[in-house]
Number of protein chains: 2
Amino acid sequence: MCDHYIRAVIAYDGADFLGFQWQSAGRTVQGVLEAALAQVTQATTRVVGAGRTDAGVHAQGQVIAFHTAWRHPLPALQRALNAVLPADVAVMQLGLAELDWHPRFSAIRRYYRYTVLNQPLRSPLERRYAHLVTEPLDLGALQAAAEIVVGQHDFASFGQPTQGDSTVRCVYDARWLREESRLFFDVVGNAFLRGMVRSLVGTMLQVGSGFWPVERMSAVLAARDRAQAAPPAPACGLCLMQVEYEEARQM
Amino acid sequence: MCDHYIRAVIAYDGADFLGFQWQSAGRTVQGVLEAALAQVTQATTRVVGAGRTDAGVHAQGQVIAFHTAWRHPLPALQRALNAVLPADVAVMQLGLAELDWHPRFSAIRRYYRYTVLNQPLRSPLERRYAHLVTEPLDLGALQAAAEIVVGQHDFASFGQPTQGDSTVRCVYDARWLREESRLFFDVVGNAFLRGMVRSLVGTMLQVGSGFWPVERMSAVLAARDRAQAAPPAPACGLCLMQVEYEEARQM
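All values reported here derive from a predicted model rather than from experimental measurement. (Residues numbered from 1 in each chain as written. Chains lettered and ligands numbered in written order. Predicted model: local features only at pLDDT ≥ 70, side-chain atom pairs only at ≥ 80, totals over all residues. Heavy atoms only, no water.)

## A look at the side chain of A:Gln119
Piece 1. Examined against the element boundaries, A:Gln119 turns out to sit in the loop between β5 (109-118) and β6 (131-133).
Piece 2. Reaching out from A:Gln119, the side chain makes a polar contact with the backbone oxygen of A:Leu121 at a distance of 2.8 Å.
Piece 3. The contact partners of A:Gln119, leaving out residues within four places of it in the chain, are A:Leu132, A:Val133, A:Thr134, A:Ser181 and B:Met92. (Helix = DSSP H or I, 4+ residues; strand = E, 2+ residues; numbered from the N terminus. Polar contact = N/O pair within 3.5 Å; in protein donor to acceptor, adjacent residues only side chain to side chain. Contact = heavy atoms within 4.5 Å.)

Below is the structure:
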């Protein structure tokens, strides 16, 4: 029996999930994917993901891996999974992976987007995918705060490691964009601490709304103390956009 | 006791409503608005809407009217309503109306947008607000079909009147736009029959996907027979964007 090692790109609406990672009780993306694989392949299948997104966090480009004895063409596996998966999860790409590849350990870059709706009134049609900030935000101040975190830093003020002890991470790019009343924070790093993007956004929003001077962003970063950062921004605004690998293995 | 006649612009996510209009059982936008008004003003209040959107149809610019004895400033009424309304409905504007104004009968133009997601795979993050079409769509064919319905026509093939017998309506503008994998159908008319926009879109999609020649759009329009039109496109893609009144009363 031939065993295939599969990599796939997954998109999901995180609103109705307790997060990516399997839990003994409650709906998780991993649980839903493993149930779909069990149904389609008639075999218990364990899924590994590139990033363990928290409850409520969305994904356009989560990457997963699993082993399967599927004996039909791979496009048929993708179609079968999409046919049985619930509406809030979909397999966007699927293919064979090399055996020394790992969705988390082989990843060299992660790209997250955080969406803020900046207007005085809440918007029923955007509430699921954007965080509403009713105070005016200064794009220049947000951008100045973002530039402080670019580079290799100890981000202990902004999150906890999911594995190992190190809280040092490298942020390659961090920038804010405005499109009418929407503000996007796009951040690319080698890896992120648990809760780090939402914590960074929460602290930057204090700067952007004028409550904190931009210097406080540097002070929070330097403090290496969770208590110095502002409360994290809500999960609904966050989306894992893309996970990148060495060129030959790009998803 | 001073009675105010109020006009307001309402936005809602239609997914969890049985439509705008009050029903004896089930959640409707009108029902939710009237419950919020009763809570805030401590008086039974009847709401009249500009358009009776169907179950699942969204609105960015529904217009409503109601009478109230509210004795505080009007911005406080808007804030109070937004504080008690559920997350999927919001009051975007609110002000005094003239007594001879009526949200439906005074309306001179309605603008609807229908959103199609045109890609081979479903998208968990867009499923609530766009209709997925997996076959390639030809923008030129869609546009040619749209142009056929511009002008004053008997639209009996595409819907039923909500009031009176006439199925003649005037479409001022109808056009398709593409933004990456999203297609928008923007249509402005003096008024629309019940189900008309979704029925027009359903038939245009037959033309856009190449199943029907564009001439069939003219034939369906001329037939004045519901059975000639294609099935209506699903409600999730439709949004009432704006209702327009004579200039002095613009919302």
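## Details of the packing of helix α1 (residues 29-41) of chain B against helix α2 (residues 74-84) of chain B
All names here are of chain B.
Piece 1. Where α1 contacts α2, the axes come no closer than 9 Å and their chain directions differ by 120 degrees. Viewed along their axes, α1 and α2 adopt a mutual orientation that is oblique. Seen from above, α1 lies across α2 with right-handed handedness. Where α1 approaches α2, its residues Ala36, Leu37, Gln39, Val40 and Thr41 are matched on the opposing element by Leu77, Ala80, Leu81 and Val84.
Piece 2. Its residues assigned to classes, the contact of α1 with α2 shows seven nonpolar, two polar and no charged. (Axes fitted to C-alpha atoms, helices over the stretch in contact; angles between N-to-C directions. Parallel < 35°, antiparallel > 145°, perpendicular 65-115°, else oblique. Left-handed = near helix turned anticlockwise from the far one by under 90°. Nonpolar A, V, L, I, M, F, W, Y, C, P; charged D, E, K, R; others polar.)

## Quick look at the side chain of A:Arg128
Piece 1. Within the element layout of this structure, A:Arg128 appears in the loop between β5 and β6.
Piece 2. In terms of polar contacts, A:Arg128 uses its side chain to reach the side chain of A:Asp13, at 3.1 Å.

## Details of the relation of the copies chain A and chain B
Piece 1. When chain A is fitted onto chain B, the two copies agree to an RMSD of 0.0 Å after a turn of 180 degrees and an axial shift of 0.0 Å. Given the turn and translation reported, the copies of this chain are related as if by a two-fold rotation axis. Taking the C-alpha atom as reference, chain A places A:Arg128 closest to the rotation axis, 5.1 Å from it.
Piece 2. The share of interface residues of chain A whose copies in chain B are also at the interface is 100%, consistent with both copies meeting through the same surface. (Least-squares fit on C-alpha atoms with pLDDT ≥ 70 in both.)

## Structural notes on the packing of aromatic side chains
Piece 1. All chains considered together, the criterion is met by 14 aromatic pairs over all chains.
Piece 2. With centroids separated by 6.3 Å and ring planes inclined at 70 degrees, the aromatic side chains of A:Tyr12 and A:Phe17 adopt a geometry described as edge-to-face. For the pair A:Tyr12 and A:Phe17, a shared accessibility class is recorded, and that class is buried.
Piece 3. One residue, B:Arg216, lies across the ring of B:Trp212, its end atom 3.5 Å from the ring centre. (Phe/Tyr/Trp six-rings, centres within 6.5 Å; stacked < 30°, edge-to-face > 60°. Buried < 20%, exposed > 50% of the residue type's maximum accessible area, 1.4 Å probe, protein only. Lys NZ or Arg CZ within 6 Å of the ring centre and 35° of its normal.)

## Let's talk about the confidence of the model for chain A
Residues and elements named next belong to chain A.
Piece 1. Summarising the model, chain A shows a mean pLDDT of 94, and 97% of its residues fall at 70 or more.
Piece 2. Per-element averaging of pLDDT across chain A places strand β2 (residues 48-49) at the bottom with 95 and strand β9 (residues 182-189) at the top with 98.
Piece 3. Overall fold confidence (pTM) sits at 0.90, and the ipTM for the predicted complex is 0.86. (pLDDT = per-residue confidence, 0-100.)

## What to know about the domain arrangement of chain A
Buried accessible area, meaning the area lost when the parts come together, often serves as the stated size of an interface.
Residues and elements named next belong to chain A.
Piece 1. Domain annotation of chain A identifies domain 1 (4-105) and domain 2 (107-243).
Piece 2. Here domain 1 and domain 2 have C-alpha centroids that lie 27 Å from each other.
Piece 3. Listed by partner, the interface residues are 20 residues for domain 1 and 18 residues for domain 2.
Piece 4. Roughly 1400 Å² of surface becomes buried between domain 1 and domain 2 when both sides are summed, with 46% attributable to carbon and sulfur atoms.
Piece 5. Counting the surface domain 1 buries against domain 2, the share from its top three residues, Asp54, Val57 and His58, is 33%. (Domains from an automatic or database assignment. Buried area = accessible area lost by both parts, 1.4 Å probe.)

## Examining the interface of chain A and chain B
Piece 1. Of the residues lining the interface, 25 residues belong to chain A; the matching set on chain B comes to 25 residues.
Piece 2. Between chain A and chain B the total buried area reaches about 2000 Å² when both faces are included, carbon and sulfur atoms providing 58% of it.
Piece 3. When residues of chain A are sorted by the area they lose upon contact with chain B, A:Arg122, A:Leu125 and A:Arg127 head the list and together hold 36% of the total.
Piece 4. For the interface between chain A and chain B, the tally reads two salt bridges. (Salt bridge = Lys/Arg side-chain N within 4 Å of Asp/Glu carboxyl O.)

## Examining the pairing of strand β3 (residues 58-68) of chain A
Residues and elements named next belong to chain A.
Piece 1. The element β3 is extensively covered by neighbouring structure, given that nine of its eleven residues are classed as buried.
Piece 2. Across two bridges, β2 lies against β3 in antiparallel orientation. Considered in β3, the bridge of valine 48 is made with alanine 65.
Piece 3. Two elements, β3 and strand β10 (residues 238-244), share two bridges in a ladder whose sense is parallel. The residue of β10 that forms the bridge with histidine 58 is cysteine 239. (Pairing = 2+ DSSP bridges.)

## Remarks on the environment of A:Ala8
Residue and element names in this part refer to chain A.
Piece 1. Inspection of the secondary structure puts alanine 8 in strand β1 (residues 4-12).
Piece 2. Classification of alanine 8 by relative accessible area gives buried; the value is 1%.
Piece 3. Sequence-wise, alanine 8 and leucine 240 are 232 residues apart; in three dimensions their C-alpha atoms are separated by 14 Å.

## A few points about the nonpolar core
When a protein is soluble and globular, its nonpolar side chains tend to lie buried together.
Piece 1. Residues B:Trp176, B:Phe185 and B:Met204 are the most contacted members of the largest nonpolar core, which totals 73 residues.
Piece 2. When residues of this core are assigned to their parent elements, the largest contribution, seven residues, is made by helix α4 (residues 196-208) of chain B.
Piece 3. When residues of this core are sorted by domain, at least three fall in each of domain 1 (4-105) and domain 2 (107-243) of chain B.
Piece 4. What B:Phe185 contacts, discounting residues up to four positions off in sequence, is B:Tyr112, B:Arg113, B:Tyr114, B:Ala146, B:Ala174, B:Arg175, B:Trp176, B:Val197, B:Val201 and B:Met204.
Piece 5. Of all hydrophobic cores here, the second largest spans 72 residues; its members include A:Tyr12, A:Trp176, A:Trp212 and A:Ala233. (Core = buried A, V, L, I, M, F, W, Y, C linked by side-chain atoms within 4.5 Å.)

## Quick word on the environment of A:Ala97
All names here are of chain A.
Piece 1. As for its placement among the helices and strands, alanine 97 is situated in the loop between β4 (89-96) and β5.
Piece 2. Relative accessible area serves as the criterion here: at 17%, alanine 97 is assigned to the buried category.
Piece 3. Considering only alpha carbons, one finds alanine 97 and leucine 121, 24 residues apart in sequence, at a separation of 47 Å.
Piece 4. Dropping the residues within four chain positions of it, alanine 97 is found in contact with Tyr5, Ile6 and Arg7.

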